[in-house]
Amino acid sequence: MAVDYRARLRRVYAAIHDNPAGEHSLDAMADVAALSRFHFHRVFAAMTGETLAEAVRRVRLHRAAEALVRSEAPLAALARDHGYADAAGFSRAFRAAYGLSPGEFRRQGKALPETLRRITREGDSMYPVTLETTPPQRLIGLPFTGPYLTIGAAFDRLAAEIGALGLWPRTRGLVGVYFDDPASVPAEALRSFAGVLVAEDLPLPEGMQEHRLDGGRHARMAFRGPYAGMGLAYEWLYGSWLAASGEAPRSAPCWERYLNTPQSAAPEDLATDIYLPLEESHD
């Protein structure tokens, strides 16, 4: 019987995202994957492009970054909640990944709303926005339901499956599609899609779904930096930029194209293009 590595890696990533603060030792995750410890380490790194320790650290610190700007919990409590025994160890790991201490990151995140208001008053653009016409595009991937900042769980499972199938050379980029308005839909019910761009002739792999992006006019916002700040970027795009642009949003979901990933870039160097579908111009 053929070994289903996709299912095994999917179980590992699910375990990490379901409980980022868990121990997630090599032995424990090898058991989850039903592989020997020696072979598990090699298989995981070869198929995902990161070691188990790197994967656990990335998920923990991403969740911690979100919590820092959205809660006032003490650093010691946040450290424990995200798998660190004390605030000192958490601070070292966070600074190594984000280039800032957790306290500095929190202060900067809390200051962003005022920065948005100041930039709006001064008439400047917080993020570069260009108008583009895109062609229809095909995605294959996995649906996800839950807070948008936790869609990384679906992307990790997708990456593992694409790697296990040897399909990376036939993909054209990572894309997330976001169907609901976080201001009107409960976070746990938000619908999204983690996908990769592919050609029309690529067969749909078993267990994945297909989604098609409509072509047409879009506002493309070049967002740079940690994903934890993306919610404020959307507020600026839908508020200040849209009001000043004279454009009308089309009845289609926003989508994001990821020009790099947390596995390949530091948080401050993450590059994401956000696409807002627009009505056709009648000029």
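Here the structure is a predicted model, which means the values were calculated and not measured.

(A) Structural view of helix α6 (residues 87-98). Under the 1.5 Å per step criterion, the end-to-end length of α6 is 16 Å for twelve residues, consistent within 8% with the ideal 16 Å. Backbone nitrogen of A88 and a side-chain oxygen of the N-cap are separated by 3.2 Å at the start of α6; the cap is D86. G99, located one to two residues past α6, shows a positive phi value of around 75 degrees.

(B) Structural context of the confidence of the model for the protein chain. Of all residues in the protein chain, 92% attain a pLDDT of 70 or more, and the chain-wide mean is 87. The secondary structure element of the protein chain with the lowest average pLDDT is helix α7 (residues 102-122), at 62, and the one with the highest is strand β4 (residues 191-198), at 98. The low-confidence segment residues 116-123 (pLDDT under 50) makes nine contacts with residues lying over four places distant or belonging to another chain.

(C) Region of interest: the side chain of T134. Note on placement: T134 falls in strand β1 (residues 129-134). Looking at T134, the relative accessible area reads 11%, which means it is buried. A polar atom in the side chain of T134 sits 3.2 Å from the side chain of H218.

(D) Quick look at the environment of G195. Take G195: it is sitting in strand β4. Sequence spacing of G195 and C254 is 59 residues, and the spatial spacing of their C-alpha atoms is 14 Å. With residues near it in sequence (within four places) discarded, G195 still touches I140, G141, F155, L158, G173, L174 and V175.

(E) Quick look at the packing of aromatic side chains. Enumeration over the complete set of coordinates arrives at eleven aromatic pairs. Relative to F94, the ring of F90 has its centre 5.8 Å away and its plane inclined at 55 degrees; by these criteria the two rings are tilted. Of this pair, F90 and F94 both sit in helix α6, separated by four residues, roughly a single helical turn. Residues F90 and F94 agree in their burial class; the two are buried. Between F94 and F105, the ring centres sit 5.2 Å apart and the planes meet at 75 degrees, which makes this aromatic pair edge-to-face. Residue F94 is found in helix α6, and its partner F105 is found in helix α7; the two are separated by eleven residues along the sequence. What makes F94 buried here is its relative accessible area of 0%. Owing to a relative accessible area of 10%, F105 belongs among the buried residues under this scheme. An aromatic cluster is defined as three or more aromatic residues linked by ring pairs; in this entry it consists of Y84, F90, F94, Y98 and F105. Over the face of the ring belonging to Y84 we find R60, whose NZ or CZ atom lies 5.8 Å from the ring centre.

(F) Structural context of unusual backbone geometry. At H24, a residue that is not glycine, the phi angle is positive and equals roughly 50 degrees. Relative to the assigned elements, H24 resides in the loop between α1 (5-18) and α2 (26-33). Phi is positive for A34, which is not a glycine, with a value near 55 degrees. Its location among the elements puts A34 in the loop between α2 and α3 (37-48).

Cut-offs applied
- Residues numbered from 1 in each chain as written.
- Predicted model: local features only at pLDDT ≥ 70, side-chain atom pairs only at ≥ 80, totals over all residues.
- Heavy atoms only, no water.
- Helix = DSSP H or I, 4+ residues; strand = E, 2+ residues; numbered from the N terminus.
- Expected span 1.5 Å × (residues − 1).
- Polar contact = N/O pair within 3.5 Å; in protein donor to acceptor, adjacent residues only side chain to side chain.
- pLDDT = per-residue confidence, 0-100.
- Contact = heavy atoms within 4.5 Å.
- Buried < 20%, exposed > 50% of the residue type's maximum accessible area, 1.4 Å probe, protein only.
- Phe/Tyr/Trp six-rings, centres within 6.5 Å; stacked < 30°, edge-to-face > 60°.
- Lys NZ or Arg CZ within 6 Å of the ring centre and 35° of its normal.

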